[in-house]
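Residue-level structure breakdown
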Amino acid sequence: MGMLELRSIDKVYRSRGRPAVHAVRSLDMAVEKGEIVALLGSSGCGKTSTLRMIAGFESVTAGSIALRGRRIDELPPARRKVAMAFEGYSLYPPLTVRENIAFALKSQQLSRSEVSRRVEAIARLVEIDDILESYPRVISGGQQQRVSLARALVRDADLYLLDEPMGQLEPQLRAVLRGRIKSLLAEREMTAIFVTHDQTEASALADRIVVMEDGVLQQFASEKELKERPANLFVASFIGEPPMNLLEMEVKQAGSGFRLSAGPDVAFDISGDGLDQAARGVLAAVPRVQVGIRPQRIGVGEGAVRVRIGSNQWLGDQSHIAGECAGYLLIAVIPNRIAARPGDVVQFAIAPRHLNIFGPDGVCIRHAEVS
Amino acid sequence: MEHESLAGRIFRGAALTLILVFFMFPIVWILLMSFQTNEQILRIPPRILFEPTLANYEALISGQLRTAAGNLEITFMRNLWNSFVLSSGAVVLALLLGVPAAYAFARFKFRLGETIAFTLLSFRFAPPLLVLLPLSLYYQELGLNDTYVGIVWVYQLIALPLILWIVRGYFEDISPDIEHAYRLAGHSWSEAFTRIAVPLAGPGIAAAGLLSFIFCWNNFIFALILASADKQPVTVGALAFVTASGIQYGQIAAAIVLSVTPTLLLALYAQRYLVEGLSLGAVKG
Ligand SMILES: Nc1ncnc2c1ncn2[C@@H]1O[C@H](COP(=O)(O)OP(=O)(O)O)[C@@H](O)[C@H]1O
Ligand SMILES: [Mg+2]
């Protein structure tokens, strides 16, 4: 049994005079003890709503939530043993930073010296030890955000919910804190869910990532798996930098396999052996499919695919080469520089085994091979 | 800040002075009158320089009014006390009822919530006479006529909507997540209300309380109809100076000075709280 289990959670906001908002749809999710999970998705996809339901500030419209084996979705927030850092920081203005953090420990009945030891330790960790005696109104947004983060992390809780905990920080500080927080969480075996829309942050901090869109969990997997085995078109196009190339291709039966083509130059033979029953069924039934190729999997210089170059950028450690082919934009990422200029025609090599194939409902029916 | 021409500055100064004189003159005049005898006041033309007397204040405080027609008992000090009891009673009750209600209206969206809140506010728009006649009949039935409880109850029509609407605004300005953070740390909903929301809205609650105190203090019509002599506040009690042998201008002026002094002080005090309350809104999380 997992540490946290969400079972078919639905959240519908109903307010008078406005259409109901279905913010979260039948969300299933199980988090293990000590695991760090990122909720990744665009703005308004239901990340905050999910956290607030777990914390208890929003009721679940349907479904159940269990933490450490106890049902918590009917409990008041005070009894859920959950700590949370809020999107809007929500510090208590009349108290100093130190008091704000210590406030969170009040109900834990610790000795005064223990409280101040803990407050100071966490303050050092997030680099706010120099503003402990300041009031929230005089410190910057980034500092407030770190106070709010400290206030959540200082507690002993079964689960830590962090809503965009580092959104306001400068990139350098963010990278430093990420590392420190990750080791703090690991050292204490703290279970945490954090919200972010930054992929780098998600992959740096999280063990597994939930990709959400439009209130629906698209995929819950490690970063590696999201990249290599995207569940559907959305995940494929959302994860990865630059995103996966997507082309619509015509499907034709060819012996025991299939021939996918998007114009005369761009044609691939997929052998039937690498496909499972369902994939074969789909390919036999539909005239066209979406095909995705990771930019890193495209070879440049030779190959069957002729591409008219639109841009060729050297980023210091890799080249991003974008060009047009059969009406589609293709981007390739290679580790070296090439001399192509806009307008030149360059050959791209795409191996059939590197194609991800998506069925008409967007579900991935065949993943690209790794390597 | 834009630069102003000299002429503009002079004009603005003059305009401000004019407005100030217009509003301050009656108050100053009343203050002067309160130190004059009736004869001095009624002299034509009136004089700015006169020999001040404390007779008016003496009469009010001792409760003995000497007129041409003989000695008259007046109950001004009793009225002042009544005003104080009625207004503070009404404000305390309105705070006890209104602050939790304001919190509920600010935090929870429930069916008919807006309608109920607006209905309560509409008590302020309704002419008091509209409710007074049926109310006095009910009060006679219920035995509430001419009781402190009855009048304090009616004063809720004045105090409650004010407190509800002002304090509700303050609660709405406080991010609910501040309370949420407190509740997550192991505290109940009611603790979050009393320890977080109320202190944060404190300046607003104080301002609303003081404002409604002033409104209650200045009320005339409710007490006029519902209270007899020994329960009357100063606003009604002042009518006693219109006597058979003429109007006692000096005593009226002194009575006005005594009765506006507390509210004037309160108003100055409330102003400070209002400013403090408004600046809190600017730093909400
Ligand atoms: N209290 C609320 N009342 C009505 N709609 C809401 C409320 N909170 C959030 N929503 C809506 O629910 C959707 C999901 O919001 P949210 O969970 O805050 O998204 P995210 O955190 O992923 O940006 C959005 O469309 C938002 O407008
Ligand atoms: Mg959010």
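Residues numbered from 1 in each chain as written. Chains lettered and ligands numbered in written order. Predicted model: local features only at pLDDT ≥ 70, side-chain atom pairs only at ≥ 80, totals over all residues. Heavy atoms only, no water.

Moving on to the domain arrangement of chain B. All names here are of chain B. We note that the domain assignment places domain 1 (6-73) and domain 2 (76-283) within chain B. With centres defined by C-alpha atoms, the gap from domain 1 to domain 2 works out at 30 Å. Taken together, the contacts link 18 residues of domain 1 with 16 residues of domain 2. For the pair domain 1 and domain 2, the summed buried surface comes to about 1,400 Å²; carbon and sulfur atoms form 78% of the total. Scanning the region where domain 1 abuts domain 2 turns up four residue pairs in polar contact (both at pLDDT 80 or more). Those elements that place two or more of their residues in the side of domain 1 that touches domain 2 are α1 (6-33), α2 (38-42), α3 (55-62) and β1 (64-67). The class makeup of the residues in the side of domain 1 that touches domain 2 is 13 nonpolar, five polar and no charged. (Domains from an automatic or database assignment. Contact = heavy atoms within 4.5 Å. Buried area = accessible area lost by both parts, 1.4 Å probe. Polar contact = N/O pair within 3.5 Å; in protein donor to acceptor, adjacent residues only side chain to side chain. Helix = DSSP H or I, 4+ residues; strand = E, 2+ residues; numbered from the N terminus. Nonpolar A, V, L, I, M, F, W, Y, C, P; charged D, E, K, R; others polar.)

Residues and elements named next belong to chain B. The full count for this structure, using the stated rule, is 15 aromatic pairs over all chains. Pairing Tyr 103 with Phe 193 gives two aromatic rings, centres 4.7 Å apart and planes at 55°, and the pair type is tilted. Of this pair, Tyr 103 sits in helix α4 (residues 76-107) while Phe 193 sits in helix α9 (residues 189-200), and the two are 90 residues apart along the sequence. Both residues of the pair, Tyr 103 and Phe 193, belong to the buried class. Between Phe 213 and Trp 217, the ring centres sit 5.7 Å apart and the planes meet at 35°, which makes this aromatic pair tilted. On the criterion of helical spacing, the pair formed by Phe 213 and Trp 217 is a turn pair, its members being four residues apart in helix α10 (residues 202-217). (Phe/Tyr/Trp six-rings, centres within 6.5 Å; stacked < 30°, edge-to-face > 60°. Buried < 20%, exposed > 50% of the residue type's maximum accessible area, 1.4 Å probe, protein only.)

A word on the interface of chain A and chain B. Quoted interface sizes are often the accessible area lost when the parts come together. Taken together, the 23 residues of chain A in the interface contact 19 residues of chain B. Between Asp177(B) and Arg52(A) there is a salt bridge; the shortest N-O distance is 3.0 Å. Here chain A and chain B share five residue pairs in polar contact (both at pLDDT 80 or more) between them. Mapped by element, the contributors of at least two residues to the side of chain A that touches chain B are α1 (47-55) and β6 (82-85) of chain A. Element by element, the count of residues in the side of chain A that touches chain B is highest for β6(A), at three residues. Classifying every residue of the side of chain A that touches chain B by side-chain character gives 14 nonpolar, three polar and six charged. (Salt bridge = Lys/Arg side-chain N within 4 Å of Asp/Glu carboxyl O.)

This paragraph deals with the pattern of salt bridges. Residues and elements named next belong to chain A. What the rule picks out here adds up to 26 salt bridges over all chains. Between Lys 11 and Glu 58 there is a salt bridge, with its nearest N and O atoms 3.5 Å apart. Residue Lys 11 is located in strand β1 (residues 4-13), and its partner Glu 58 is located in the loop between α1 and β4 (62-67); the two are separated by 47 residues in the primary sequence. Take Glu 58: its relative accessible area is 23%, and that puts it in the partly exposed class. Here Arg 180 makes a salt bridge to Glu 127, at a shortest N to O gap of 2.9 Å. A residue pair is termed long-range when its members are at least 10 positions apart, and Arg 180 in helix α5 (residues 171-187) and Glu 127 in the loop between α3 (112-125) and α4 (141-153) qualify at 53 residues. For Arg 180, a relative accessible area of 27% gives the class partly exposed. By relative accessible area, which is 34% here, Glu 127 ends up partly exposed.

Moving on, we get to the site of ligand 1. Residues and elements named next belong to chain A. Lining the immediate surroundings of ligand 1 are Tyr 13, Val 21, Ala 23, Ser 43, Gly 44, Cys 45, Gly 46, Lys 47, Thr 48 and Ser 49. A distance of 3.5 Å separates a nitrogen atom of ligand 1 from a polar atom in the side chain of Tyr 13. Between ligand 1 and Cys 45, the relevant distance is 3.2 Å, taken from an oxygen atom to a main-chain nitrogen or oxygen of the residue. If ligand 1 stood free it would expose 550 Å²; the protein chains cover 64% of that surface. (Near = heavy atom within 4 Å. Areas by Shrake-Rupley, 256 points an atom, 1.4 Å probe, with all protein chains shown as cover.)

Right, let's get into the sheet that holds β1(A). Residues and elements named next belong to chain A. The strand order β2-β1-β4-β5 describes an open sheet built from four strands, whose pairing is antiparallel. Looking at the sheet topology across the chains shown, the edges are occupied by β2 (21-31) and β5 (70-71). Sheet topology places β4 next to β5; two bridges connect them, and they run antiparallel. Note that in β5 the partner of Leu 67 across the bridge is Arg 70. Contacting β1, β2 and β4, α1 runs over the sheet at an angle of about 115° to β1. (Pairing = 2+ DSSP bridges. Axes fitted to C-alpha atoms, helices over the stretch in contact; angles between N-to-C directions.)

Let's shift gears to the domain arrangement of chain A. All names here are of chain A. Domain parsing of chain A yields domain 1 (4-229) and domain 2 (238-366). In this assembly, eight residues from domain 1 lie in contact with five residues from domain 2. Where domain 1 abuts domain 2, roughly 590 Å² becomes buried across the two surfaces, and 63% of that area is made up of carbon and sulfur atoms. Put simply, domain 1 and domain 2 have zero salt bridges between them. Counting every contact that joins domain 1 to domain 2 gives three residue pairs in polar contact (both at pLDDT 80 or more). Secondary-structure elements contributing two or more residues to the side of domain 1 that touches domain 2 are β3 (36-41) and α7 (223-228). If one sorts the elements of the side of domain 1 that touches domain 2 by residue count, α7 sits on top with three residues.

Bringing the sheet that holds strand β15 (residues 299-314) of chain A into the picture now. All names here are of chain A. Reading across the sheet, the four strands line up as β17-β16-β15-β18 and stay open at both edges, with antiparallel pairing between neighbours. Edge positions in the sheet fall to β17 (328-334) and β18 (345-349), since each has one partner strand and no second. Averaged over all pairs of adjacent strands, the angle between their axes in this sheet comes to 50°, without regard to strand direction. As paired strands, β15 and strand β16 (residues 319-325) are joined by six bridges and run antiparallel to one another. In the strand pairing of β16, Trp 314 is matched with Ser 319.

All right, on to unusual backbone geometry then. Residues and elements named next belong to chain A. For the bond from Glu 241 to Pro 242, the omega torsion is -10°, close enough to zero to count as cis. Positionally, Pro 242 belongs in the loop between α8 (233-238) and β11 (245-254). Even without being a glycine, Glu 189 presents a positive backbone phi close to 55°. In this fold, Glu 189 is placed in the loop between α5 and β8 (192-196). Of note in this structure, Asp 214 is not a glycine but carries a positive phi near 60°. You can see Asp 214 is positioned in the loop between β9 (208-213) and β10 (216-221). Looking at Asp 214, the relative accessible area reads 55%, which means it is exposed.

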